[in-house]
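Structural overview for review
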Amino acid sequence: MRFLQIASALCLLGSVLGASAQTARKPAGATTASTAAALQQIGRTATAAEVKAWDIDVRADFKGLPTGAGSVAQGEKLWDAQCASCHGTFGESNEVFTPIVGGTTAKDIETGRVQNLLPGRFPHRTTLMKASQLSTLWDYIHRAMPWTTPKSLKADEVYAVLAYILHLGDIVPADFTLSDRNMAEVQARLPNRNGKVFYAAMWDVRGKGDVVNPLCMTDCPIEGEVASALPDFARNTHGNIAEQVRPFGAPRGTDTAAPPRSARAGTAGAAAATAATAATATAAVAAAGRTDGAALVKANGCTACHGMGNRIVGPAFQEIAKRHAGKFDSVEYLAGKIRSGGQGAWGAVPMPPQAQVREADARAMAQWLVGGAP
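Residues numbered from 1 in each chain as written. Predicted model: local features only at pLDDT ≥ 70, side-chain atom pairs only at ≥ 80, totals over all residues. Heavy atoms only, no water.

1. Looking at the nonpolar core
Grouped together as the largest cluster of nonpolar side chains are 37 residues, with contacts concentrated most on Leu 134, Leu 162, Leu 166, Leu 178 and Met 183. Among the elements of the structure, helix H5 (72-82), helix H9 (134-144), helix H10 (155-168) and helix H11 (183-187) are those that each provide at least two residues to this core. Per-element tally for this core: the top contributor is H10, with 10 residues. Dropping the residues within four chain positions of it, Met 183 is found in contact with Phe 62, Leu 65, Leu 134, Trp 138, Tyr 159, Leu 162 and Leu 178. One finds Ala 294, Leu 296, Ile 320 and Leu 334 within the second-largest nonpolar core, a separate group that totals 17 residues. (Core = buried A, V, L, I, M, F, W, Y, C linked by side-chain atoms within 4.5 Å. Buried < 20%, exposed > 50% of the residue type's maximum accessible area, 1.4 Å probe, protein only. Helix = DSSP H or I, 4+ residues; strand = E, 2+ residues; numbered from the N terminus. Contact = heavy atoms within 4.5 Å.)

As structure tokens, this is what we get:
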């Protein structure tokens, strides 16, 4: 695999093509030798470590699955600590995301086809109802979970979490240990393993595109700039999306706290509005002396579950600040809760422990909350 060479080659393609054009009048042998010499100087062979860092996918035939094992009991502990806050203690909650467990029967495990997928049979489409490949579940947990710290689970922990999910669906017993050696056996018990069908309309296109649309070159019904905006009633329903940034990957999400702009507004105007909003927020936080705490809250992914003024999974920061205002031990109490987690103070949904947060950072965030938050 020479992906570094490929990337460099793409970046320098214009230069190579330009050089080829200049040598077009030279003998064919000279042109070929010149181009080959130029390509030899582009990039380098990827190291084994670089290839391994990218090559993490697991195929349907389980190729790429790392060596490891995890029991149902181990998975239950991990689940309660890192997964239950979004998916429920038994994987059945739909408070945050669609349920993972439910809707499958012993008959489905026997036949490999989930009857509740038929129209009108079941209100949800749970993960165990839809998944047809066990490798897909392992791969997704490995890549994307937990939501706030993806790729943080070790291979043995992924096996354990998946074992617990399978046990919740009555696919494996309580004393089962899932490993790379028995994944294929468990695949044979997945409720929807035979649920995939070949959709000829999409795949059998006989060399033609699978869509047919008229070309629109003149008098197009859609204007050059197409913009979208949330309706007023839906803005900030789940907190400001722009503030709900994971600590992994690029920031994403529109600023739903800002008033909607006209679909005709130019890019420059939108950028200026966004910059003005950010500058105002930064000035307000700095004026209150809470820059460090506010920055740490975002950097540690707290805004994935807590909105500034709106509840998401847990209470809003302003609610927490109001409850603990004026209490002499608020900073110590909140700093402890950040690192150790808890349940019951704000409802049934537990807050998983954030032991990776340094004590000094937890105190800074707690001080920011006690100071009133934004």
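Next comes the rest of the description.
2. Looking at H9
H9 sits mainly inside the fold: 8 of its 11 residues count as buried. Buried within H9 are the following residues: Leu 134, Ser 135, Leu 137, Trp 138, Asp 139, Ile 141, His 142 and Ala 144. Residues of H9 that are buried in the fold lie against helix H8 (127-130), H10 and H11.

3. Examining unusual backbone geometry
With an omega of -10°, the peptide bond between Met 145 and Pro 146 qualifies as cis. Positive phi, close to 75°, is recorded for Phe 62, a residue that is not glycine. Even without glycine at this site, Lys 151 takes up a positive phi of about 70°. Inspection of the secondary structure puts Lys 151 in the loop between H9 and H10.

Function-wise, these values are silent; they only describe arrangement.
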